[in-house]
Amino acid sequence: MNDRIRQLREQSLAAVPAISLERARLLTEFYATGIPERVSIPLTRAQAVKHILEHKSICINAGELIVGERGEMPKATPTYPEICTHTLRDFDVLDSREKIPFKVSDDARGIQRDLVIPFWSGRSIRDRIFEAVDPEWIVSYDAGIFTEFQEQRAPGHTVLDDKIYRLGFRDFKDAIKRSLGDLDFYGNPDAVGKREELKAMAIAADALVAYAARHADALERLAENESSGGRKTELQQMAQICQRVPTQAPQTFWEALQYYWFVHLGVITELNTWDSFNPGRLDQHLWPFYRREIEAGTLTKERARELLQAFWIKFNNQPAPPKVGVTAEESATYTDFCLINLGGVTETGEDASNDLTYLILDVIEEMRILQPSSMVQISKKNPDRLLRRALQIIKTGFGQPSLFNSDAIIQELVRQGKSIADARNGGASGCVETGAFGKESYILTGYFNLVKVLEIALHNGVDPRTGKSIGVESGDPAGFSGFDDLFGAYRKQLKHFIDIKIKGNVIIERLWAQYLPAPFLSILIDDCVRRGKDYNDGGARYNTSYIQGVGMGSITDSLTAIKYNVFDKHSLSLSGLLATLSNNFDGDGSVRQTLLHATPKYGNDDNYPDDIARMVFESYFDLIDGRPNTKGGHFRINLLPTTCHVYFGSVVGATPDGRKAGEPVSEGISPVQGADRKGPTAVLKSAAKLDHVRTGGTLLNQKFTPEILADENGLEKLLHLVRAYFRMDGHHLQFNVVSAETLRAAQKDPDQHRDLIVRVAGYSDYFVDLGVALQNEIIKRTEQCSI
Amino acid sequence: MSASGIIFDLRKYCIHDGPGIRTTVFFKGCPLDCWWCHNPESRHSLPEAMPVGSQASNRASDQDRRAATIGCVVSVEHVMAQIVQDEIFYDQSGGGVTFSGGEPMMQIDFLMALLAACRNCGLRTAIDTCGYALEEDFDRVYNLVDLFLFDLKIMDPALHLEFTGVTNELIHSNLAMLASRGGNVTVRVPMIPDITDTRENLEAICSFLEPLANVRRVGLLPYNKLGEDKSLRYQLPRRGRRWETQSPEEISWRKGLFESHGFSVTVGG
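Residues numbered from 1 in each chain as written. Chains lettered and ligands numbered in written order. Predicted model: local features only at pLDDT ≥ 70, side-chain atom pairs only at ≥ 80, totals over all residues. Heavy atoms only, no water.

K.L.:
Describe the overall build of chain A, naming the residues involved and giving the relevant values.
P.N.:
Scanning chain A from terminus to terminus reveals 32 helices and 18 strands. For 787 residues, the compact-globule estimate of 2.2 N^0.38 gives 28 Å, and the C-alpha radius of gyration of chain A, at 26 Å, lies within 12% of that figure. The C-alpha extent of chain A, read off along each of the three principal axes, is 80 × 60 × 55 Å. The buried share among the 787 residues of chain A stands at 64%. (Helix = DSSP H or I, 4+ residues; strand = E, 2+ residues; numbered from the N terminus. Rg over C-alpha atoms; globule rule 2.2 N^0.38 Å. Buried < 20%, exposed > 50% of the residue type's maximum accessible area, 1.4 Å probe, protein only.)

K.L.:
Account for the packing of aromatic side chains, naming residues and giving values.
P.N.:
Any two aromatic rings considered together are summarised by their centre-to-centre distance and by the angle between their planes. All names here are of chain A. Scanning all chains against the criterion turns up 42 aromatic pairs over all chains. Here the aromatic residues Tyr-260, Trp-261, Phe-277, Phe-311, Trp-312 and Phe-315 are joined through ring pairs into a cluster of three or more. A cation over an aromatic ring shows up here: Arg-385 above the ring of Tyr-358, its NZ or CZ 4.0 Å from the ring centre. The residue whose ring lies beneath Arg-694 is Phe-621, and the NZ or CZ to ring-centre distance is 4.6 Å. (Phe/Tyr/Trp six-rings, centres within 6.5 Å; stacked < 30°, edge-to-face > 60°. Lys NZ or Arg CZ within 6 Å of the ring centre and 35° of its normal.)

K.L.:
So what about the sheet that holds strand S11 (residues 264-267) of chain B? Which residues, and what values?
P.N.:
Residues and elements named next belong to chain B. Strand order in the open sheet formed by nine strands is S5-S1-S2-S6-S7-S8-S9-S10-S11, and the pairing between neighbours is mixed. Either end of the sheet is taken by a strand with one partner, and the two such strands are strand S5 (72-75) and S11. On average, each strand axis in the sheet is tilted by 30 degrees relative to the strand beside it, whichever way the strands run. Seen against the sheet, helix H2 (residues 76-84) touches strand S1 (4-14), strand S2 (22-27), S5 and strand S6 (96-100) and runs at an angle of roughly 80 degrees to S5. Most of the contacts of helix H7 (residues 169-180) go to strand S8 (residues 147-151), to which it runs at about 155 degrees, and overall it touches S8 and strand S9 (185-191). (Pairing = 2+ DSSP bridges. Axes fitted to C-alpha atoms, helices over the stretch in contact; angles between N-to-C directions. Contact = heavy atoms within 4.5 Å.)

K.L.:
Go over helix H27 (residues 607-624) of chain A, please, and point to the residues and values.
P.N.:
Residues and elements named next belong to chain A. The terminal C-alpha atoms of H27 lie 25 Å apart, and with 18 residues this matches the ideal 26 Å at 1.5 Å per residue to within 8%. For H27, the set of buried residues is Pro-609, Asp-610, Ile-612, Ala-613, Val-616, Phe-617, Ser-619, Tyr-620, Phe-621, Leu-623 and Ile-624. Residue Asp-606 occupies the N-cap position of H27, its side-chain oxygen lying 2.9 Å from the main-chain nitrogen of Tyr-608. Note on H27: the residue one or two positions beyond its end, Gly-626, has a positive phi of about 90 degrees. (Expected span 1.5 Å × (residues − 1). Polar contact = N/O pair within 3.5 Å; in protein donor to acceptor, adjacent residues only side chain to side chain.)

K.L.:
Quick rundown of the nonpolar core? Include the residues and the values.
P.N.:
Counting 214 residues, the largest nonpolar core has Phe253(A) and Phe448(A) as its most contacted members. In contact with Phe448(A), other than residues within four places in its own chain, are Ile145(A), Phe146(A), Val453(A), Leu494(A), Phe497(A), Ile498(A), Ile547(A), Gln548(A), Gly549(A), Val550(A), Tyr620(A) and Phe648(A). One finds Leu10(B), Met112(B), Val141(B) and Val145(B) within the second-largest nonpolar core, a separate group that totals 55 residues. (Core = buried A, V, L, I, M, F, W, Y, C linked by side-chain atoms within 4.5 Å.)

K.L.:
Outline the sheet that holds strand S14 (residues 634-638) of chain A, supporting the account with residue identities and numerical values.
P.N.:
Residue and element names in this part refer to chain A. Strand order in the open sheet made by the three strands is S10-S13-S14, with parallel pairing throughout. The strands lining the two open edges of the sheet, one partner per strand, are strand S10 (440-449) and S14. Between one strand axis and the next, the sheet turns by 30 degrees as a mean value, whatever way the strands run. In the sheet, S10 pairs with strand S13 (residues 542-550) via eight bridges, with the strands oriented parallel. Bridge pairing links Asn-449 to Val-550 in S13.

K.L.:
Account for the pairing of S8(B), naming residues and giving values.
P.N.:
Consecutive side chains of a regular strand alternate in pointing toward one face of the sheet and then the other. Residues and elements named next belong to chain B. With respect to burial, S8 is a largely interior element, five of its five residues being buried. Residues Leu-147, Leu-149 and Asp-151 line one face of S8 and the alternating positions Phe-148 and Phe-150 line the opposite face, and both faces are buried. Here four bridges tie strand S7 (residues 125-129) to S8, and the two strands are oriented parallel to one another. Within S8, the residue paired with Thr-129 across the bridge is Phe-150.

K.L.:
Hey, could you go over the pattern of salt bridges for me, with residue numbers and the actual values?
P.N.:
Residue and element names in this part refer to chain A. One pass over the full model with this rule turns up 67 salt bridges over all chains. A salt bridge links Lys-173 to Asp-206, with the shortest nitrogen-to-oxygen separation between them at 2.7 Å. With a gap of 33 residues between them, Lys-173 in helix H9 (residues 169-182) and Asp-206 in helix H10 (residues 191-225) connect regions that are remote in the sequence. By relative accessible area, Asp-206 is classed as partly exposed at 31%. Here Glu-365 ties to Arg-389 by a salt bridge, and the two come within 2.7 Å at their closest N and O atoms. One end of the pair, Glu-365, is in helix H16 (residues 355-367); the other, Arg-389, is in helix H17 (residues 384-394), and 24 residues separate them in sequence. By relative accessible area, Glu-365 is classed as partly exposed at 27%. Three or more residues joined by partner-sharing salt bridges are found here, namely Asp-161, Lys-163, Asp-422, Lys-439, Asp-526, Asp-527, Arg-530 and Arg-541. (Salt bridge = Lys/Arg side-chain N within 4 Å of Asp/Glu carboxyl O.)

K.L.:
A description of the interface of chain B and chain A should follow, citing residues and the corresponding values.
P.N.:
Size of an interface: often given as the accessible area lost when the parts come together. Residue-level contacts link 31 residues of chain B with 42 residues of chain A. When chain B packs against chain A, the two sides together hide about 3,300 Å² of surface, and 54% of this comes from carbon and sulfur. Where chain B packs against chain A, one counts zero salt bridges. There are 10 residue pairs in polar contact (both at pLDDT 80 or more) connecting chain B and chain A. The class makeup of the residues in the side of chain B that touches chain A is 10 nonpolar, 12 polar and nine charged. (Buried area = accessible area lost by both parts, 1.4 Å probe. Nonpolar A, V, L, I, M, F, W, Y, C, P; charged D, E, K, R; others polar.)

K.L.:
Which residues make up unusual backbone geometry, and what values do they have?
P.N.:
All names here are of chain A. Cis geometry marks the peptide bond from Val-245 to Pro-246, where omega comes out at 10 degrees. Looking at the secondary structure, you find Pro-246 in the loop between helix H11 (229-244) and helix H12 (253-270). Between Asp-526 and Asp-527 the backbone carries a cis peptide bond, its omega angle lying at 0 degrees. For Asp-527, the position within the fold is in the loop between helix H22 (519-524) and helix H23 (528-531). Located in the positive-phi region is Phe-585, a residue other than glycine, with phi close to 70 degrees. Tracing the sequence through the fold places Phe-585 in the loop between helix H25 (574-582) and helix H26 (589-597).

K.L.:
Can you lay out the environment of Gln400(A) for me, pointing to particular residues and giving the numbers?
P.N.:
Residue and element names in this part refer to chain A. Locating Gln-400 in the fold gives a position in the loop between H17 and strand S7 (402-405). In this structure, Gln-400 is in contact with Ile-364, Ile-369, Leu-370, Pro-372, Ser-373, Ser-374, Ile-393 and Ile-394, ignoring residues within four places of it in sequence. A distance of 3.4 Å separates a polar side-chain atom of Gln-400 from the backbone oxygen of Pro-372. Within the structure, Gln-400 has its side chain in polar contact with the side chain of Ser-374 (distance 2.6 Å).

K.L.:
Now, about the confidence of the model for chain B: what can you tell me, with residues and values included?
P.N.:
Summarising the model, chain B shows a mean pLDDT of 90, and 93% of its residues fall at 70 or more. What the predictor reports for the complex is a pTM of 0.94 with an ipTM of 0.91. (pLDDT = per-residue confidence, 0-100.)

K.L.:
If you had to explain the pairing of S7(A) to someone new, which residues and values would you point to?
P.N.:
Residue and element names in this part refer to chain A. By the alternation rule, side chains of S7 split into Ser-402 and Phe-404 and Leu-403 and Asn-405, which are all buried. Bridge analysis of strand S6 (residues 373-378) against S7 gives four bridges, and the strand direction is parallel. Residue Met-375 lies in a different strand from S7, and its bridge partner there is Ser-402. In this region the chain leaves S6, passes through H17 and returns to the parallel neighbour S7; the handedness of that crossover is right-handed. Pairing of S7 with strand S16 (residues 732-737), which is carried by two bridges, proceeds in the antiparallel orientation. Bridge pairing in S16 places Phe-404 opposite His-732. (Right-handed = clockwise from strand over helix to strand, strands pointing away.)

Set out below in structure tokens:
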């Protein structure tokens, strides 16, 4: 990377995440004008966005090529008090917590105390949600049965398609005008509401154009005062770009990137969408610009690389807005889950990879920064070269890019009723979530703790942690005569809690639709403009609500342990086992050893546990998939945890799989940590027994040491491993390259790391099986191999 | 009744012994007694209980210590059921099954049955052999084996006897026979410092292989410490000293030597 990028990157890495109250102050000032009392809610929201974008400070960093920050400076992170209002205590926690801290200045504290809290207290959507849901929802939420995304962040989970590369905001405004003109006030009772929404969209469109113009002015002023001739010209060029985009469609590669970035800032300033917004299929969107300019000689590959790198840094400058309470525990990360998609297939089903795909992969490899995240879609039509290049980057060990199966994603989307073209233009966002980019609102509504539900079934509806009866009566386990009784009880509890979750979701959906529409985002997602309907109110072409199941491995192994030891082998009684669990295995070490080491486990291509995994999957699917939401769409499932498996584990006592109380449950569809003992092919086979095509995404992590991937042979074999998993319709695979530190941890605590495979010589073995001397040698080699 | 045999391990996703992703079946029992043996627990033909030294082993649980019986009797069906589980990975990668050990040729009937079962399923096979077996047995397996991974260790007959416990004439004649029939053979040389890994011995191997028309691939296997580790783990006696693994730089002249004789050389499996 050149000096400019190096400096920008260092600046970004060094920037200290801090709370910025500029947005909260401007928003509150706007609400205090009295305008919100005179106009409709959509108009209020649009004018609020306009007020913020017209008054927020403009930040242009030295040497930048793409401009615009969400806060006053890199990593200054705004709050969204209309969604959830931080207390002063929350600020203290954010300021002082060891991990993922945010600096809070005395000024910010003062504004929060004197202006923000007095105005928003009791008015935030979070307050409204806790007011509106049923008491049993609150009880389940407090017990850790599920979480709720929309109590702290806006319904996001959408990704942009190619429209901004074809159309300017001038064109969007024309479309809004046409929709307004088409309103039928005599035949359609919703016409008045639509009019308000469309007028709001027009105001929001103007807001972004004004925001860009302010950057153009600032750049011109900077150019006037710039002594260096080169930078002066550059600043003038940038000023011109900001005058053209987003008003007009971009004409150059540079304009396209700047245009997207303004749109990105518009979306994440309007609301704190979860996930953050993202450009989606970047190599597809930028390819026409790149090809045209390279051919015309107006852009070099090196300049394109520099612009992309400058673009990358903009993402890294925007940490995820900090949360409060339980949500802060479940997802402690600066990552705002922008997932750039590369590769895959075109709308007509051809291999979509191109020269730019590889250039962007170079950028990912070179930048090595937390944000944005990146992934490669691998279709059977993509060449091995694409997968090989991705693996070469993965083996350097910073967790990117992850690998997705395009062909599975397309099947998933088509099964949900999307057109084949919309499916092929889609991809995955956030962690692993499938979506029709630019056309779908696909909301993650919360994680669902499958293991906790089993615990409650094993206590006939009582949460053993609190002694409270929070479920339904599903039978005293002492009376279970076989596995079917046990599974029946689990299913009964599952239905009970899923019903509570879904009822809560529809209540929350309506609150968002009514109180916090998103007119700016609605401009960007088809068919909100055409329908005159807000993104948060079913305006999108497709509307999906996901509930994310967590703990697939742990619940499977727990059910398996009971079936195997209690009902098949009769070596344990269920009541004896439950007593052992309630003592957290104290004094029952040998029972725990049997459960851990002499009981079948998911992840070993063994049908005994894997059939139970299928049962867990099918029951979860049956109780959720296809139920209607309030936006004309449906509830669907996916299986991913982010970091929620840690929080969910903390509320579950000891489990029949040998897990101790409070320890994390398994993540995604990965086996329980250390339970897979037959190598990676067996893990993939087990994972592929679940029907990924009927989900909206699954997450599977695999660990490798860098040495296994060091030579070409290792890399090629891994390539085939991925291809085989994708042939079995596996949705996603992420390789975590294990560090020497992890190996040291495995030496100390082998049981937690029984799945770690290392290369011994021309031969690989389980790390924990090796003697200490050989382990030490491998740790040394791993250190040498790591970058 | 179908054939059964004794194996001490079956491993999936083996990526260093033959093309593609493979499952390797480790037969128990070996006619050789190499000083450096890296699977010392495989030497004897029958299942045996081995004490697992608590100091040497890093395994945590009592369960594992109790489970230290090496080798078990298994049926062809049992082994095949595990092999076919990974069919999709073999298909995808051009892989298959490797029979190793120990010495798979020691259990010739069991091996024949497994090779035939693999052929029936259309799976490609390799055997990893020390070459010390009856010529008629090699003749029996010949048509069912897609790749021979054939070890050559020491060319000097006296030294071969000293360090492996057997003489090398039979090994050489078997290799020559496979070569003359046009068999698909990769010769593998374990590089044991000062024993097999001497310039004199490696040159002698080159000279021996050069006239064998169909043998053009050589795999050099740098010394690995797994044997030392396992001897400690299972408290088995071990002769010879502890050696160091050759670095890639140290391997390079050896690789060059074989290449100068026209062989295509891979290092490490």
